[in-house]
Amino acid sequence: MKEQLIHSITKHIQLDSGEQTLIESFWTEKALEKGEFLLRNGEVCRTDNFVINGALKAFYINAKTGKEEILYFAIDNWWATDIESFQKQKTSIYNIQAIEKTELLQIRYDSFQEMLRKIPKLERFFRIILENYLGSLQKRIITNNVLDAEQRYLDFIENYPEICTKVPNYLIASYLGITPEFLSRIRKKIEAS
């Protein structure tokens, strides 16, 4: 499992075999069953999490509607962490839950800091990951403000085809900010054209 993480890192920075072994020593394996929580609202995010296989959803419960609102999905080779909670070691405002059986690699906050001290070039790797994440968030904000629901769905399936195969449509609808029924109508319209 850890070779998958190493492969992800070495796409962006070079590591010698000693550094790879050292990195592996900081990470532990964790399995989640479908429906199991990785993080709950009000808990401190104690680990950074790299998804080996499976699928997770990050969400909060809208206080006005009582409905679950999806913030992001995490699938194979993605990260699933409340960044602010992890970095500041303060309580999280959302939940992360397994959509299906999921295997992760985890690193605790203090171990993460030690790993960065021992292998400073990892700072570059995690900067790249955060830049990619920030770019995705910016694109999502623009997409939500500019595109209609059908265009948002088409953009989603074009950019995240792997998620579409792992995640139920009602969760995709929540992510897009529409009802499952409206998504169903959009999909029928697209299929008919």
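Above this text is the structure in question.
Residues numbered from 1 in each chain as written. Predicted model: local features only at pLDDT ≥ 70, side-chain atom pairs only at ≥ 80, totals over all residues. Heavy atoms only, no water.

### Some remarks on the overall build of the chain
The helix and strand inventory of the chain stands at 9 helices and 7 strands. Taking 16 Å as the expected radius of gyration for a compact globule of 193 residues, we find that the chain reaches 18 Å, a close match to that expectation. In terms of overall dimensions, the chain has a C-alpha envelope of 55 × 35 × 30 Å along the principal axes. Counting all 193 residues of the chain, 40% fall into the buried class. Counted over contacts in the chain with a minimum sequence separation of 6, partners at least 24 positions apart contribute 71%. Counting only carbon and sulfur atoms, one obtains 51% of the accessible surface of the chain, whose full area is about 10800 Å². (Helix = DSSP H or I, 4+ residues; strand = E, 2+ residues; numbered from the N terminus. Rg over C-alpha atoms; globule rule 2.2 N^0.38 Å. Buried < 20%, exposed > 50% of the residue type's maximum accessible area, 1.4 Å probe, protein only. Contact = heavy atoms within 4.5 Å. Areas by Shrake-Rupley, 256 points an atom, 1.4 Å probe, with all protein chains shown as cover.)

### Describing the packing of aromatic side chains
Counted according to the given criterion, the structure contains 16 aromatic pairs. Ring geometry for Trp-79 against Phe-126: centres 5.6 Å apart, planes inclined by 70°, an arrangement best described as edge-to-face. Remark: Phe-126 occurs in helix 5 (residues 122-146) and Trp-79 occurs in the loop between strand 5 (68-75) and helix 3 (83-88); sequence separation between them is 47 residues. Using a relative accessible area of 17% as the deciding quantity, one classes Trp-79 as buried. The side chain of Arg-40 reaches across the aromatic face of Phe-37, ending 3.8 Å from its centre. Between Lys-57 and the ring centre of Phe-59, over which it is positioned, the NZ or CZ distance is 5.0 Å. (Phe/Tyr/Trp six-rings, centres within 6.5 Å; stacked < 30°, edge-to-face > 60°. Lys NZ or Arg CZ within 6 Å of the ring centre and 35° of its normal.)

### So, the packing of helix 8 (residues 169-176) against helix 9 (residues 180-192)
How two helices sit against one another is set out by the angle between their axes and by the gap between those axes. Where helix 8 contacts helix 9, the axes come no closer than 8 Å and their chain directions differ by 100°. What the angle tells us is that helix 8 and helix 9 run roughly perpendicular. Of helix 9, the residues touching helix 8 (which contributes Asn-169, Tyr-170, Ile-172 and Ala-173) are Pro-180, Leu-183 and Arg-187. For the contact of helix 8 with helix 9, the residue count by class is 5 nonpolar, 1 polar and 1 charged. (Axes fitted to C-alpha atoms, helices over the stretch in contact; angles between N-to-C directions. Parallel < 35°, antiparallel > 145°, perpendicular 65-115°, else oblique. Nonpolar A, V, L, I, M, F, W, Y, C, P; charged D, E, K, R; others polar.)

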